[in-house]
Structures are given as C-alpha cells and as structure tokens.
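# Breakdown of the fold
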Amino acid sequence: MMWWIVPRILAAVAWIAGLTAAGAALGHMWAWDWQGGLVGCVLASGVWVARDSWRGVRLDRWLNLTPDAHTPLESGLWGHVGVRVERLLRQREADTRREQARLSHFLQAIEASPNGVLLLDEHEQIEWCSVVAADHLGLDAQRDLRQRITNLVRVPAFVKALHEAPDDADPVVSLPRPRGQGTVLVTLRRFGEGQRLLLTQDITERERNEAMRRDFVANVSHEIRTPLTVLAGFIETMATLPLTEAERKRVLVLMDQQSRRMQALVGDLLALARLEGSPRPPLDQWVSLDKIGQAIEAEARGLSAGRHRFSFDWGHGIRLAGSESELQSAVANLVNNAVRYTPGQGGLITVRCELRSEGGVAIEVRDSGPGIAPEHIHRLTERFYRVDGSRSRETGGTGLGLSIVKHVVQRHGGELQIRSEVGQGACFSLLLPALRCRCVVPVSAPTPAPLEADQEADGR
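This structure is a prediction, so every number in the text was calculated from the model and none was measured.

## Structural notes on the pattern of salt bridges
The tally for this structure, following the rule as stated, stands at 20 salt bridges. Between Asp 95 and Arg 98 there is a salt bridge, and its shortest N-O distance comes to 2.1 Å. Residue Asp 95 and its partner Arg 98 are both found in helix α3 (residues 76-112); the two are separated by 3 residues, about one turn of the helix. For Arg 352, the salt bridge identified is with Glu 364, shortest N-O distance 3.4 Å. In this pair, Arg 352 sits in strand β9 (residues 347-355) while Glu 364 sits in strand β10 (residues 361-367), placing the two residues 12 residues apart along the sequence.

## Some points on the environment of Gly 194
Looking at the secondary structure, you find Gly 194 in the loop between β4 (183-191) and β5 (195-202). Taking relative accessible area as the criterion, Gly 194 reaches 41% and is therefore assigned partly exposed. Between the C-alpha atoms of Gly 194 and Leu 120, which are 74 residues apart in sequence, the distance is 8.9 Å. With near-sequence residues (within four places) excluded, Gly 194 lies in contact with Asp 121 and Glu 122.

## Describing unusual backbone geometry
Trans peptide bonds make up most of the peptide bonds, and negative phi angles are found at most residues other than glycine. Positive phi, normally seen in glycine, also occurs at Glu 124, with a value near 65°. Within the fold, Glu 124 resides in the loop between β1 (116-120) and β2 (126-129). On the basis of relative accessibility, which here comes to 15%, the residue Glu 124 falls in the buried class. Positive phi, close to 70°, is recorded for Arg 146, a residue that is not glycine. With respect to the helices, strands and loops of the structure, Arg 146 is situated in the loop between α4 (131-137) and α5 (149-152).

## Examining the packing of aromatic side chains
Tallied over the full model, the rule gives 2 aromatic pairs. Taking the centre distance of 5.5 Å and the plane angle of 10° together, the rings of Phe 310 and Phe 312 count as stacked. The residues Phe 310 and Phe 312 share a single accessibility class, namely buried. With a centroid separation of 5.9 Å and an interplanar angle of 15°, the aromatic rings of Phe 312 and Trp 314 are classed as stacked. For the pair formed by Phe 312 and Trp 314, the shared burial category is buried. Every member of this aromatic cluster is reached through a ring pair, and the members are Phe 310, Phe 312 and Trp 314. Positioned above the aromatic ring of Trp 286, the side-chain terminus of Arg 438 is 4.3 Å from the ring centre.

Reading guide: rules and limits
- Residues numbered from 1 in each chain as written.
- Predicted model: local features only at pLDDT ≥ 70, side-chain atom pairs only at ≥ 80, totals over all residues.
- Heavy atoms only, no water.
- Salt bridge = Lys/Arg side-chain N within 4 Å of Asp/Glu carboxyl O.
- Helix = DSSP H or I, 4+ residues; strand = E, 2+ residues; numbered from the N terminus.
- Buried < 20%, exposed > 50% of the residue type's maximum accessible area, 1.4 Å probe, protein only.
- Contact = heavy atoms within 4.5 Å.
- Phe/Tyr/Trp six-rings, centres within 6.5 Å; stacked < 30°, edge-to-face > 60°.
- Lys NZ or Arg CZ within 6 Å of the ring centre and 35° of its normal.

Have a look at this one:
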C-alpha cells in the first residue's frame, strides 16, 4: 500500500519545476537563460532536501526523547510514518499493560494459595518466591532473591534431592519448618533450561491427624481386646472346669462387668460418630435446665452411693436452645467424672449455673479431687487420653467422655474451659452463647408458681 509515493513525487516535481521556471525567468531578464534554470533547479532541490531532512530530524528526536507524547508531524511522508509509529507504540503499550495486569493477577492467585511456589534458575538462585513458600522455608521473599537456595536451606535431604535426582524424576522431600513449627513437603520439578520449580505444602495438620487416627485405632483395639480376652477366658473356664454355684455366679458377675464396659465403649464411639456427622442442633427447641438437672442429680447420687457431698444450683428459670439429649449427656459426663475421680467419704462436688454478664450461660462443675497437672489440661479432650490410665479403668471410664463434652458444646456454639491445680480439685465450665440461652423470668423477680412460669415461657 504505497499510495503515498505518487503525491510525494508529484509534489517534488512541482516544487522543482516551479523554482526552475522562476530561475529561468530571472535568467532571461539577465541574458543567461539556461544558467538561471539550472540555478533554480539546484536551489529547489536543496530546499526540498533540507525541508525533508528537518522533518526527519524532528521525527527522530521524538522517537528518542518523547515517544509518550503525540507525534510532532501529521502530514507528508514523515508525518505518515510518525502516525504509524505512534499507533504501533500505543498498541504495544496497551498490550504491555494488559500482560502486566494478567501477570499481577496470576501472581496474586499464587500468593492466595495455601501452597508455596519458588522458582530457581539454572544456577540454583532464587528468581521468584511466594510469601507462603518463604514462610515454609524460613526465607525473605524480597531480600533473598538471587541467592543460592542451598545457602539458605541446608537440610541434607533437600540438598541431595536437588543435586542427585535424575532428570526425569520429581523428588519429594519432607523438611522441618523453621523454629520447629511443623513439617513441610517440598516437590522439585524441572522446567526450561536447567530451571527448577519448588512447590511447598504444610503437612503439619495432616501428620497430626494421621497420628491421631493411628492412636485412635490402637486405643480402640486395646480397649476392646482387654474385655474380650477376659470374656473368652471366663467362657473357656465355664466350659472346661466344674464350678461351684458361688464360683459360677462370681464369673457371671465379672463377665457382665466386662460386657457392660464394651457396651459403654461402643456407645461412646457411636455417640462421637453421630455428633461429628449430624447438623448443628436447632435454635427453636427450648429445654429447661432444671429438667436436665433433675436427671443428672439422680444419676450422680446413684453413682456416688452416698460417698460424696453434693451442691446443685441450676439457676432460676434458665432455658437452653438445642438438643436435650446432647446437653444432658455433656453435663452428666462432667458430673460423673467428678464423682469417679473425687475420693469418697467427704468429697464435695458443686454444680452451679448462672447467667454471664456478657450474655450466655455458664454451667460450672467443681470437685475437691486430687486436681490435674498443667501439662495434662490441654490434652484432656483428646480421645482415650488419660492422666492415670490404670485408675481410669478402675473407675469405669472409657476415655471418651470429655471428647463428647467438647463436641457437644462446640456444636451448640460454646466452649469448654478447664481450670485445675494439683491438690486443689478441678473446675470444668460449659460456656454457652446468648442466642442459645434465655431466662423465663428476671433473676431479681420473685419465683412464680410453676404453672405461671410455663405460661410465660409458652407466650414468648
């Protein structure tokens, strides 16, 4: 598309012809016709070349100094070139901005990932590092750029995988996090010309869950195997040995104890599975705390058999929203634990419920038992965790009670707090949020008749 050549040639010819004619006319006046025409032609060509060169110089200066401004020429050949160049520059700038925006968006997506990404060049120097990868490996995402990775991560297994892994392999290395905060899995992948891509993933929680699963399976197996072994031994004894009536009754009593122990264990396991797999309790089903407390009192006194002193205060007209069976199970577990682990003949167990100043209800179970050492408190709600395993089995516990309590209170939006000192007893508190609590009558008001209280509760 060379359409601009014809006008340019015509303009040049017209310019030169005009000046040549003018020169010839002047020469005729001075009697040197052909010399005047030649002088006019030379002058015309020189002026044309100078003008064209000056326009080219202006365009070159614009390209070198101020390409972000508009082209200084808009007509002629150089103007046409300037407009075309400016259009190309603006298009390239727009493409560059779009690519930079896409790159920024891509890097933001990488930074939002819970996994880390780190790029190494062919000399094992860090080209780019995400914040997550820097945190996983103990690096500084900006300061450590262009540093050799082996100078910063000196774990022998990592260095060996980086240097000795085959070209077609993607080694995976497990590294301890800085300051012993957990474990990081690092995958090394090759790309480009000798470059490496490092992908980091924090597997601390996964390892913890796997350890808990292994411990859970081992504990369940042990807890069930013990009573099964006892039952199998008694069955063999009754089948092979002649027993007196008294011996047979004693064996049956022991077998019944072991079967009840297995039933309790299976029941608690099923309760935990049900709690973990079912939706949260509803907010529109209200149960009286007094009603729950009556059943818990009867169970606790039966378990104590008169060996303990009790003090129960279930508040005044407090109602809770949620599952009655779950709430009763949680509080009963705390009270029964207090009975089991508090020495009898004078041991005191106090249950107190009150409205909290910031909203909600606190159900507090306090005992006068031997107390719990601080290093055990944060692990008490783990499944099958026991401070004293032999003593727990003697009292008939399964090691799952506090796990059930924790799940129940969390499902109701609350929390379990444990306070204890060795020799000073223990205090377990269920803290339930305000949206799951209400009081039928103001605490300061006189206690109404039961019928009036029920009518007021139904009317709200």
